[in-house]
Amino acid sequence: MISDPEMPAIELGPREEVAVGKPSRRGTVGVVVAGAALVTVVNLTAAVYLYRGINDLRSVEARLEQLGQFEQRISARLDTVNNGFQSRFEKLDDQLQAKFSEVNGGIARLGQSRPSAADEPMASAPEPAATSTETEPSAFAENTADPGSVEMPPKRAAPPAPNPAYQRIQQADGKVYYRKIN
């Protein structure tokens, strides 16, 4: 230590009171303790809410797993119902195709059948002509103009007359229906 003899000595006297701008130790400790208590309360509150949030998240995850199982059960039932409907539609389609085949076969048989002895009573009843026969003679007359190219138009077979047990009904649009007379 270096001392200078010319320097006045510092006297230690009674302490002066603390200046106004400088806080005391007791106040500083109180502020620090209050701040620590506030931070602790905030942390505890956040921990409680975080714990509740985690529990809610776990319950939601459990319900989502149940929802996945529920979805699988619903999907399986829908597949069962869909397969039932599909098989029913296929069965109806097969039945419909069989009926169409039956109808087409019946139409083909009617087109191929010739009048037999049972149909002769139908042939004896006269049927009013629905078409004009004027085109046949004029076509024949045109073809007879050139004797080298004489072609006879094919003769149409007279349609069989209806059975007297049926009534012929012709509508305005030209469709002909037969109704059985009782």
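Treat the numbers as computed from the prediction; the structure is a model and nothing was measured. (Residues numbered from 1 in each chain as written. Predicted model: local features only at pLDDT ≥ 70, side-chain atom pairs only at ≥ 80, totals over all residues. Heavy atoms only, no water.)

A.B. asks: How should I be thinking about the overall build of the protein in this particular structure?
C.D. replies: Within the protein, the regular secondary structure consists of three helices and two strands. Starting at the N terminus and walking to the C terminus, you meet the elements of the protein as α-α-α-β-β. Taking all 182 residues of the protein together, the buried fraction comes to 2%. Taking the intrachain contacts of the protein between residues at least 6 apart in sequence as the baseline, contacts between residues at least 24 apart amount to 38%. When the accessible surface of the protein is split by element, carbon and sulfur atoms take 59% of a total near 17400 Å². (Helix = DSSP H or I, 4+ residues; strand = E, 2+ residues; numbered from the N terminus. Buried < 20%, exposed > 50% of the residue type's maximum accessible area, 1.4 Å probe, protein only. Contact = heavy atoms within 4.5 Å. Areas by Shrake-Rupley, 256 points an atom, 1.4 Å probe, with all protein chains shown as cover.)

A.B. asks: How do you make sense of the pairing of strand β1 (residues 166–170) when you look at a structure like this?
C.D. replies: As a general feature of sheets, a regular strand has side chains that alternate between the two faces. By the bridge criterion, five bridges tie β1 to strand β2 (residues 176–180) in an arrangement that is antiparallel. Paired with Gln-170 across the two strands is Val-176, which belongs to β2. The antiparallel hairpin formed by β1 and β2 contains five residues in its connecting segment, where Gly-174 sits at a positive phi of about 100°. (Pairing = 2+ DSSP bridges.)

A.B. asks: What am I meant to see in the packing of aromatic side chains here?
C.D. replies: Both the distance between ring centres and the angle between the ring planes are used here to describe each pair of aromatic rings. Inspection of the entire model under this criterion finds one aromatic pair. Against the face of Tyr-49 rests Arg-52, its NZ or CZ located 5.9 Å from the ring centre. (Phe/Tyr/Trp six-rings, centres within 6.5 Å; stacked < 30°, edge-to-face > 60°. Lys NZ or Arg CZ within 6 Å of the ring centre and 35° of its normal.)

A.B. asks: Would you take a moment to explain the confidence of the model for the protein for this structure?
C.D. replies: For the protein, the mean per-residue pLDDT works out to 77, and 67% of the residues sit at or above 70. The spread of mean pLDDT over the elements of the protein runs between helix α3 (residues 135–143), the lowest at 47, and helix α1 (residues 25–112), the highest at 91. Between residues 130–144, whose pLDDT stays under 50, and residues either more than four places distant or in other chains, the model counts eight contacts. (pLDDT = per-residue confidence, 0-100.)

A.B. asks: Looking at this structure, I do not really get a nonpolar patch on the surface. What am I missing?
C.D. replies: Residues Val-60, Leu-64, Leu-67, Phe-70, Ile-74 and Leu-78 make up a contiguous nonpolar surface patch of about 560 Å² in total accessible area. Mapped onto the fold, Ile-74 is located in helix α1. (Patch = residues over 30% accessible without salt bridge, like charges linked within 9 Å, V, L, I, M, F, W, Y side chains within 5 Å. Salt bridge = Lys/Arg side-chain N within 4 Å of Asp/Glu carboxyl O.)

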